[in-house]
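Next come the chains, spelled out residue by residue.
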Amino acid sequence: MEQNPKQAALEQAVQELNMIIRDAVSRPMGFMEVCGTHTMSIFRHGIRSLLPASLELVSGPCCPVCITIQVDIDAMIGLSSRPDVIVVTFGDLLGVPGSRTSLAEAHANGAMVEIVYSPASGLKIALQDPDKQVVFLGAGFETTASVVAATILEAYAKEINNFSVFSRHKVMYLALNALWGDQELCINGLLCPGHVSTIIGAMAYAPLCMAHGIPCVIAGFEPMDILMGIHRLVLQNLREVAMVENVYERAVTWEGNRNANGLMETVFESRG
Amino acid sequence: MARLGYIEDSGLAIRSTFSHLDAEKRFEIESWARKGGKAAFVVT
């Protein structure tokens, strides 16, 4: 069967980039892919098998499931056990274990847990069932927090008073900054997530980069994006510089999404 | 517990303007941070 020319060109580019990375890595290096979506893409496309043995990729903590601590899951399960409450959540929280059970088990045992693809669906449920308190479980970073902020503002404007949000959202920069305080961490650069960066912008990583001398490269989730990001991290290490680079310019700007950041600023404040 | 601490400090709380839309306040959920580091959540 004849190969798609675009596919052939991509495969050739991936091979060439991989050769560049292999040639460039003259000493052991370790990079952390911050985001679970990067981790999944790296495994799906077999990217680790393309890299030299001296280059280690470490999976980071930054997916909504990873950063939601057990006591928060327990609180979510506690909410779902109330007869007057409908808990509304994205599906990824369902299987996360609390100290004794999970939301999925609670749901199987009769708790009212609705899976949605948008927090705005929680508003619809609240309007359809005014005798129930509808609680949206807010987990994740700015990508989700900005949408939840818009939903809270909509509920506020429409005076939907049987809707609320249990906010366990996190700030990417603060989480990474705290992570860098871990003495056991031995990483030579961060492969920064594309989707969160569309909201917070490339500039959000500048304080982290400057304070700790960490090379930061923002990359998309296609194999070529990831390899390009890794290549830039290798080059920064070889040149002994630390800067913020963006190889996902088709989606991420330096400033980020000002409207989304404005919504978050209006609705949320830092716990730190 | 140190890891719990830094993740908790990275969190976003809903501003008081919207407190009636904040489940933490509506259901009086006692956070880990307010309990001085004890992993104690109480949904009243």
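What you see is a predicted model, and the numbers here were worked out from it, not measured in a lab. (Residues numbered from 1 in each chain as written. Chains lettered and ligands numbered in written order. Predicted model: local features only at pLDDT ≥ 70, side-chain atom pairs only at ≥ 80, totals over all residues. Heavy atoms only, no water.)

## A closer look at the overall build of chain A
Stage number 1. Assigned secondary structure in chain A consists of 12 helices and 10 strands.
Stage number 2. A total of 272 residues make up chain A; the buried ones form 51% of that total.
Stage number 3. Accessible surface, chain A as shown: approximately 12600 Å² in total, 53% of it carbon and sulfur.
Stage number 4. Side chains of chain A carry 17 positive and 27 negative charges; the gap between the two charge centres is 0 Å. (Helix = DSSP H or I, 4+ residues; strand = E, 2+ residues; numbered from the N terminus. Buried < 20%, exposed > 50% of the residue type's maximum accessible area, 1.4 Å probe, protein only. Areas by Shrake-Rupley, 256 points an atom, 1.4 Å probe, with all protein chains shown as cover. Lys, Arg positive; Asp, Glu negative; His and termini not counted. Charge placed at Lys NZ, Arg CZ, Asp CG, Glu CD.)

## Comments concerning the pairing of strand E8 (residues 216-219) of chain A
All names here are of chain A.
Stage number 1. In E8, alternate side chains face the same way, and those of Cys-216 and Ile-218 on one face and Val-217 and Ala-219 on the other are all buried.
Stage number 2. In this sheet, E8 lies alongside strand E7 (residues 189-193) in parallel orientation, the contact comprising 4 bridges. When the sheet's bridge partners are listed, Leu-191 is paired in E8 with Val-217.
Stage number 3. In terms of strand pairing, E8 meets strand E9 (residues 244-246) through 3 bridges, oriented parallel. Bridge pairing links Val-217 to Glu-245 in E9. (Pairing = 2+ DSSP bridges.)

## A few points about the interface of chain B and chain A
Stage number 1. Tallying the contact residues gives 27 residues for chain B and 41 residues for chain A.
Stage number 2. Taken together, the two surfaces of chain B and chain A that pack against each other cover about 3300 Å², and 63% of this comes from carbon and sulfur.
Stage number 3. Joining chain B to chain A, the criterion identifies 4 salt bridges.
Stage number 4. Here Glu-24 of chain B ties to Arg-271 of chain A by a salt bridge, and the two come within 2.8 Å at their closest N and O atoms.
Stage number 5. Counting across the interface, chain B meets chain A through 13 residue pairs in polar contact (both at pLDDT 80 or more).
Stage number 6. At the level of secondary structure, the elements contributing two or more residues to the side of chain B that touches chain A comprise helix H1 (2-9), strand E1 (12-14) and helix H2 (23-26) of chain B.
Stage number 7. With 6 residues, the single largest contributor to the side of chain B that touches chain A is H1 of chain B.
Stage number 8. Across 3 bridges, strand E10 (residues 268-270) of chain A lies against E1 of chain B in antiparallel orientation. (Contact = heavy atoms within 4.5 Å. Buried area = accessible area lost by both parts, 1.4 Å probe. Salt bridge = Lys/Arg side-chain N within 4 Å of Asp/Glu carboxyl O. Polar contact = N/O pair within 3.5 Å; in protein donor to acceptor, adjacent residues only side chain to side chain.)

## Some words on the environment of Pro-83 of chain A
Residue and element names in this part refer to chain A.
Stage number 1. Within the fold, Pro-83 resides in the loop between helix H4 (70-80) and strand E3 (85-89).
Stage number 2. With relative accessibility at 66%, the residue Pro-83 sits in the exposed group.
Stage number 3. It is 48 Å that separates the C-alpha atoms of Pro-83 and Asn-246, two residues lying 163 residues apart in sequence.

## Looking at the layout of surface pockets
Residues and elements named next belong to chain A.
Stage number 1. When its volume is computed, the largest pocket comes out at roughly 360 Å³.
Stage number 2. In terms of lining residues, the largest pocket is bounded by 16 residues, among which Glu-142, Val-171, Asn-261, Met-264 and Glu-265 are the most central.
Stage number 3. Within the residue set of the lining of the largest pocket, elements represented by two or more residues are helix H8 (172-179), helix H12 (258-267) and E10.
Stage number 4. Its residues assigned to classes, the lining of the largest pocket comprises 9 nonpolar, 2 polar and 5 charged.
Stage number 5. A volume near 200 Å³ is recorded for the second largest pocket.
Stage number 6. As for the second largest pocket, its lining consists of 15 residues, of which Cys-35, Thr-37, Cys-63, Pro-64 and His-195 are closest to the centre.
Stage number 7. For the lining of the second largest pocket, the secondary structure elements donating two or more residues are helix H2 (36-44), helix H7 (142-157) and helix H9 (194-200).
Stage number 8. The element that contributes the greatest number of residues to the lining of the second largest pocket is H2, accounting for 3 residues.
Stage number 9. When the residues that make up the lining of the second largest pocket are grouped by side-chain class, the tally is 9 nonpolar, 6 polar and no charged. (1 Å grid on protein atoms, 1.4 Å probe; cavity = no way out; pocket = protein on both sides within 12 Å on 5 of 7 lines; lining within 4 Å. Points joined across faces, edges and corners; volume = space filled by probe spheres on them. Nonpolar A, V, L, I, M, F, W, Y, C, P; charged D, E, K, R; others polar.)

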